[in-house]
Structures are given as C-alpha cells and as structure tokens.
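An overview of the molecular structure
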Amino acid sequence: MNNQWLTIEQVGNDVVLKKCSREAEGVIEIPVNITHIADDAFEKSNVTIKNLPEGLKAIGKNAFASCSFYRPLVNLPESLEKIGEGAFARTNIKGLYIPASVTQIDGRILPGTCQLVIIDADNLKYDSRDNCNAIIETATNTLIRGCQNTTIPDSVVEIGGSAFNYCTSLTSIAIPASVTSIGAQALYDCLELQTINYTGTKKQWKGIEDTNLTIEPKKQIVVHCADRDVKLKGK
C-alpha cells in the first residue's frame, strides 16, 4: 500500500488530497488525516482504493471516477458532509451507504452498475424511503439518483436530470403517476431500456414529455400508460 503517488496539501485547518499520479498502481490506502479529496483526484488512476477514513468531510467532483474499490460495498464515513458530482462514476461499486452527516449531494454520484443504495434514517436532507435503492431529496420528493434495482416510490414527484444516466443494464422501469417531471437526460445512455410502465394516463405522460425529458437520437421506448401505449422517441 504505497502512498508515494499522492499529492497532499495543508489548506488552513484542512488536509487536502489533491492528486494521485497517473503512474500509480496497486492498492492505495488514504491517510487517516485527510479531510478533503479534491476534484478529479483519482480520476483514471489505475489504482484500487482500500479505505475512506473517518474524518473525511468532502469528496470532490469526479474524485474517484474510473477507479476500483477494494470492497464493492462501500460505507461512507460518518464524518462526510459533501459528495461531488460523478464522485464514484465508472467505479466497481455495487452498493453504497450514505451516513446522516451528508448534507450535499451534487447529482450523479453513483456508477450505472450500482445495485444497492442505503441512506441512514437520521439523514435530514436525503432518504432512500421504502428500501427504494435510490437517493431522494426529502424536502422536494425528487429522486436525484437511481440504480439498476430502484423502485420509485409513489411519493416521488420529480425525477432529476441524469438520475438513471448510464444504467446500462436497465431494461424496464416503473414510474408512478405521482411523477410530473423528468429532468434532462434522466434516462440517457440506458442502452437496454425498452419499456416504461407508467401508472398515469397518456395525457399525463404527454405532460411529462413536455418538460425536459430526452433520450438518444433514433432510440424508441414503449411507454405502457394506464389507458394506452405510447412511444417515447429520441430527438
């Protein structure tokens, strides 16, 4: 476990892991005094991350993108407060536990291959209600990130942009009639997605299509509404 490849700086009271060398290889153990991991710190590094230490407060944008983790089921430290967009994108993570301490999640943090999401019941900002395997912003009932095994609860009213982006093994998804808006690219790059089971009517679905919903050009998805089927077409 060689840490000679790491660039670490003291910034005020914080200890920031700024970068891992592209020449690094093997298993990396993050020092226990690290409080922040910078944007892109490990992106495209050919290393395996062994640990995320207690005391860690923030993980930056794309910090671990394309890395491997020693264990595919990752428990984030109870000290963590912020997770940047794409923090774990394209990693081998299959499951993620998010503690009560996390107060900021910037969009698509999970890889498309993730299968399990658990958020501590004491978290006041986010939840994974009804064992739904998703990250939901509690105050707005917005699903901000799903995974392959997500079941969207009836209490969700919005699916955020890029929520299921790169869930490449997703073949079908059920969307309750409570959902009135689906963000841009929420279903983009879901390469195997063929059907949407929507519990509302065709008229309600058309209202959703008129928001920001887009899929890849030339792609078609069959939407089974309560009263009839429609086709969602890429633009």
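Here's a quick rundown of the structure. What you see is a predicted model, and the numbers here were worked out from it, not measured in a lab.

Criteria and cut-off values
- Residue indices begin from 1 for each chain and proceed along its sequence in written order.
- Local features in this predicted model are restricted to residues of pLDDT 70 or higher, and side-chain atom pairs are both shown and tallied only at a pLDDT of 80 or more, whereas totals for entire chains, interfaces and linings draw on every residue.
- In computing side-chain properties, one takes all heavy atoms of the structure into account and sets aside hydrogens as well as water.
- Only buried residues count toward a nonpolar core. Its members are Ala, Val, Leu, Ile, Met, Phe, Trp, Tyr and Cys residues joined through side-chain atoms within 4.5 Å.
- Accessibility here uses a 1.4 Å probe with only protein chains present; expressed as a share of the type maximum, an area under 20% marks a residue as buried, one over 50% as exposed, and anything in between as partly exposed.
- By definition, any uninterrupted DSSP run of H or I lasting at least four residues is a helix, any uninterrupted run of E lasting at least two residues is a strand, and each is numbered from the N terminus.
- Residue contacts are defined here by distance: any two heavy atoms, one from each residue, within 4.5 Å place the two residues in contact.
- Positive residues here are Lys and Arg, negative ones are Asp and Glu, while His and the chain termini are left out of the count.
- Definition used for salt bridges: Asp or Glu carboxyl oxygen within 4 Å of a side-chain nitrogen of Lys or Arg.
- Two N or O atoms form a polar contact when they lie within 3.5 Å of each other; inside protein one atom must be a possible hydrogen donor and the other a possible acceptor, and for residues adjacent in sequence the pair counts only when both atoms belong to side chains.
- Each direction from the helix axis to a C-beta atom contributes to the arc, which is the arc of those directions.
- Residues enter patches when their relative accessible area tops 30% and they take part in no salt bridge; the joining distance is 9 Å for like charges and 5 Å for the nonpolar side chains Val, Leu, Ile, Met, Phe, Trp and Tyr.
- Working definition of accessibility: Shrake-Rupley area with a 1.4 Å probe, residue cover restricted to the visible protein chains.
- Being paired, for any two strands, means DSSP has found at least two bridges between them.
- Convention adopted: a line fitted to C-alpha atoms gives each axis, helices being fitted over their contacting stretch, and angles between N-to-C directions are expressed from 0 to 180 degrees.

**Side note on the nonpolar core**
The biggest cluster of nonpolar side chains holds 40 residues, and the ones touching the most others in it are Ile-37, Phe-42, Phe-64 and Ile-135. Of all the secondary-structure elements, those providing two or more residues to this core are β2 (14-20), β5 (46-49), β10 (95-98) and β12 (116-119). No other element matches the 3 residues that β2 contributes to this core. Sequence-distant contacts of Phe-64, defined by excluding residues within four places in its chain, comprise Ile-30, Ile-37, Phe-42, Ile-49, Leu-52, Ile-59, Phe-69, Ala-87, Phe-88, Ala-89 and Thr-91.

**A look at the side chain of Arg-145**
Within the secondary structure, Arg-145 is located in strand β15 (residues 142-145). There is no salt bridge for the buried Arg-145, and the closest opposite charge comes from Glu-85, which lies 9.4 Å off by N-O distance. A distance of 3.0 Å separates a polar side-chain atom of Arg-145 from the backbone oxygen of Ala-163.

**Digging into the pattern of salt bridges**
Enumeration according to the criterion identifies 3 salt bridges in this entry. Of the charged contacts in the structure, one is a salt bridge between Arg-90 and Glu-43, with a shortest N-O distance of 3.8 Å. Here Glu-43 lies in the loop between β4 (36-37) and β5 and Arg-90 lies in the loop between β9 (82-83) and β10, a separation of 47 residues in the sequence.

**Re helix α1 (residues 202-209)**
The set of residues buried in α1 consists of Trp-205, Ile-208 and Glu-209. One side of α1 carries all its buried residues, which in axial view fall inside an arc of 100°. On its buried face, α1 sits against β17 (172-175), β18 (181-182), β19 (195-198), β20 (220-224) and β21 (229-233).

**Regarding a nonpolar patch on the surface**
The grouping of Leu-73, Leu-116 and Ile-118 at the surface amounts to a nonpolar patch, some 270 Å² of accessible area in total. Among the secondary structure elements, Leu-73 is positioned in strand β8 (residues 73-75).

**Structural notes on the pairing of β12**
Along β12, the buried face is formed by Val-117 and Ile-119; none of Leu-116 and Ile-118, which line the opposite face, is buried. Judged from the 4 bridges that link them, β10 and β12 form a sheet pairing that is parallel. Note on β12: the bridge partner recorded for Ile-98 is Ile-119.

**Re the sheet that holds β10**
The strand order β8-β10-β12 describes an open sheet built from 3 strands, whose pairing is parallel. Looking at the sheet topology across the chains shown, the edges are occupied by β8 and β12. Strand-to-strand twist of the sheet, defined as the mean angle between neighbouring strand axes without regard to direction, takes the value 10°. Across 3 bridges, β8 lies against β10 in parallel orientation. Note on β10: the bridge partner recorded for Val-74 is Leu-96.

**A look at the side chain of Arg-129**
Mapping Arg-129 onto the fold places it in the loop between β13 (126-127) and β14 (135-137). At a separation of 2.8 Å, a polar atom in the side chain of Arg-129 contacts the side chain of Ser-155. Each residue touching Arg-129, except ones within four places of it in the same chain, is listed here: Ile-136, Glu-137, Thr-138, Asn-141, Pro-153 and Ser-155.

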